[in-house]
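Topology and contacts: notes
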Amino acid sequence: MKKILWLLSIIFLLTKLSYSQLNCSNFLSTRKAEPPYKMSSLSKSAVSVSGHTYKYEVPLSADKEYRFLFYASPAFNNNIHFKIIDKNATPDPSDDKVILDLPGENPETNNARGTATLASYTDAKTGEEVHPYFDIVPQHATQLEVIIEVKEAPPQKDEFGNTYSEVVKGCIAVIILEKPMESF
Amino acid sequence: MRKSYLILIFFSFSLLIFSCKKEKKTEQKASQAIEQNDTSEVEIFYLVPSPDDIFGFASSSDLYFNPSLPNPPENVDKYNNTKLQELNFGVYSADLAYCAAFGKKEETKLYLNVVKQLSEKIGLAEVFNESLISRINNLGSNKDSLIAISNDTYFDIIRYLEKYNRINSLAIIAAGGWLETMYLVINLASYSENNPTIQKIADQKIIFNNLYRFLQQNTSDPNVKAVFDEYTKLKAIFDEFELVKVDDKHNMSVDGDKIIVGSSVKIVINKEQFIKLHNVINEIRADFTLNK
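Residues numbered from 1 in each chain as written. Chains lettered and ligands numbered in written order. Predicted model: local features only at pLDDT ≥ 70, side-chain atom pairs only at ≥ 80, totals over all residues. Heavy atoms only, no water.

Some words on the sheet that holds strand β3 (residues 53–60) of chain A
Strand order in the open sheet formed by five strands is β6(A)-β5(A)-β10(A)-β3(A)-β1(B), and the pairing between neighbours is mixed. A single partner strand is all that each edge strand has here, and the edge strands are β6 (97–102) of chain A together with β1 (42–46) of chain B. The sheet shows a mean angle of 20 degrees between the axes of neighbouring strands, taken without regard to direction. The pairing of β3 of chain A with β1 of chain B spans five bridges and is classified as parallel. When the bridges of β1 of chain B are listed, lysine 55 of chain A appears paired with isoleucine 44 of chain B. (Pairing = 2+ DSSP bridges. Helix = DSSP H or I, 4+ residues; strand = E, 2+ residues; numbered from the N terminus. Axes fitted to C-alpha atoms, helices over the stretch in contact; angles between N-to-C directions.)

Comments concerning the state of the cysteines
All names here are of chain A. Enumeration over the complete set of coordinates arrives at one disulfide over all chains. In this model cysteine 24 forms its disulfide with cysteine 171; the gap between the sulfur atoms is 2.1 Å. Judged by the sign of its S-S torsion, about -85 degrees, the bond between cysteine 24 and cysteine 171 is left-handed. Separated by 147 residues along the polypeptide, cysteine 24 in the loop between α1 (2–20) and α2 (26–29) and cysteine 171 in strand β13 (residues 169–180) bring together distant segments of the chain. Using a relative accessible area of 5% as the deciding quantity, one classes cysteine 171 as buried. (Disulfide = S-S within 2.5 Å. Buried < 20%, exposed > 50% of the residue type's maximum accessible area, 1.4 Å probe, protein only.)

A look at the pairing of strand β2 (residues 44–49) of chain A
Residues and elements named next belong to chain A. Counting buried residues in β2 gives five out of six residues, a clear majority hidden from the surface. In terms of strand pairing, β2 meets β13 through six bridges, oriented antiparallel. Looking at β13, one finds that alanine 46 is bridged to isoleucine 172.

A few points about the pattern of salt bridges
Residue and element names in this part refer to chain A. Tallying each qualifying case throughout the model produces 18 salt bridges over all chains. For aspartate 135, the salt bridge goes to arginine 67, with nearest N and O atoms at 2.7 Å. In this pair, aspartate 135 sits in strand β9 (residues 134–138) while arginine 67 sits in strand β4 (residues 64–72), placing the two residues 68 residues apart along the sequence. The class for aspartate 135 is buried, based on a relative accessible area of 8%. (Salt bridge = Lys/Arg side-chain N within 4 Å of Asp/Glu carboxyl O.)

Describing the side chain of glutamate 162 of chain B
Mapped onto the secondary structure, glutamate 162 of chain B falls in helix α6 (residues 143–163). Its relative accessible area of 17% is what places glutamate 162 of chain B among the buried residues.

Section: the nonpolar core
The biggest cluster of nonpolar side chains holds 81 residues, and the ones touching the most others in it are Trp178, Ile201, Tyr231, Leu234 and Leu277 of chain B. Every element with two or more residues in this core is listed here: α3 (82–101), α4 (105–121), α5 (130–137), α6, α7 (167–186), α8 (196–217), α9 (222–240) and α10 (271–289) of chain B. It is α7 of chain B that contributes the most residues to this core, 13 residues altogether. Setting aside its immediate chain neighbours within four residues, leucine 234 of chain B contacts Trp178, Leu179, Phe208, Leu277, Val280, Ile281 and Ile284 of chain B. One finds Leu60, Phe68, Leu100 and Ala153 of chain A within the second-largest nonpolar core, a separate group that totals 33 residues. (Core = buried A, V, L, I, M, F, W, Y, C linked by side-chain atoms within 4.5 Å. Contact = heavy atoms within 4.5 Å.)

Here it is as structure tokens:
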């Protein structure tokens, strides 16, 4: 009987594992916001592929403060360029402003805030592990464009000496937390 | 004993085959999405907030709970095709958020049940698992817990639709939810300059444009196309709203680490545009909910 139960547990786990491989929505459901923040319904997680660019058009309301966090599957090795543009709600692209430009992980920057985009780091003051975040406050309602460029994996050579780039597939999540603006 | 092992082996294989089938389906869907990328190189996601998130409106002093505004629960039986069922699923989700935002326990429970009923018709019954049903049955009267359950239900539905790549359904539900939220707010507010609620209605131009483009991305589906065509009337009105340059960044005091955005343009709606928007919202809503 013990053997049967053991076997069933293994099968259940295998089933679970194989099914959850590309389920990017798990990226969102496993993360909880800490008060006073709550998870915004604008948060989004999607299947992403190396060599492709993804744009997230995010409408922001003027009565809230937002916190942006980025997460990516380890398969991408943080080889991702993040950029946030304030579209300012105007149809004139010359009014757009780049408000954040994060060219991917750089080991030399040692996860300093504002340069590290993905890896968690230990806060020197509290000793707690934190994930880099960016606090954004809209003065008037606006549209942010989050551009995520998943760079191609470094080229490799096959057995015949031909160069190729491996296509990496994984999940990238833009987690958006929100709270009422303090002055409201 | 040997027989039970045979049954177990058969059961195990069935489970594995089932899981492989499911995984294959997920991968196929993922690869379909990737193929779409190949043609455009850049994939764009237009994000639309949930009715709960839009109901930050509820804090405004000129909004109140009007029980005659939400779509009556008994209308649920009128919706006999997928388009109407999905649209009104969004409509009822917004009504649910409205009741929760004003702490109306009995109404919240009523609309949770309507949403559950419609979810069964559009293949979302799985979202209402035992844990959610138990939460509904033991619902307290605390306003925060009502908002939390309304929010969580909508969140779970969106994640479920994304997980199974039901993007067309998601677009229609988002369209229905946004329309009902606007219907409730615009029928509660009266126009006056410098009214914060009116400003929030003007700001919906940004959210509407996202919703419109999201629908546009999916017009290969006839149901989405029908909704998109209706929303073209609204697009024409929102396009009339004026964008006024402002420069009052210095008036805002925030923590130094925070990034200020949206500081140079404000959206403005005048009385005539407000009335036009009010009328078209009411007209489309009557059409979608069959309240004529």
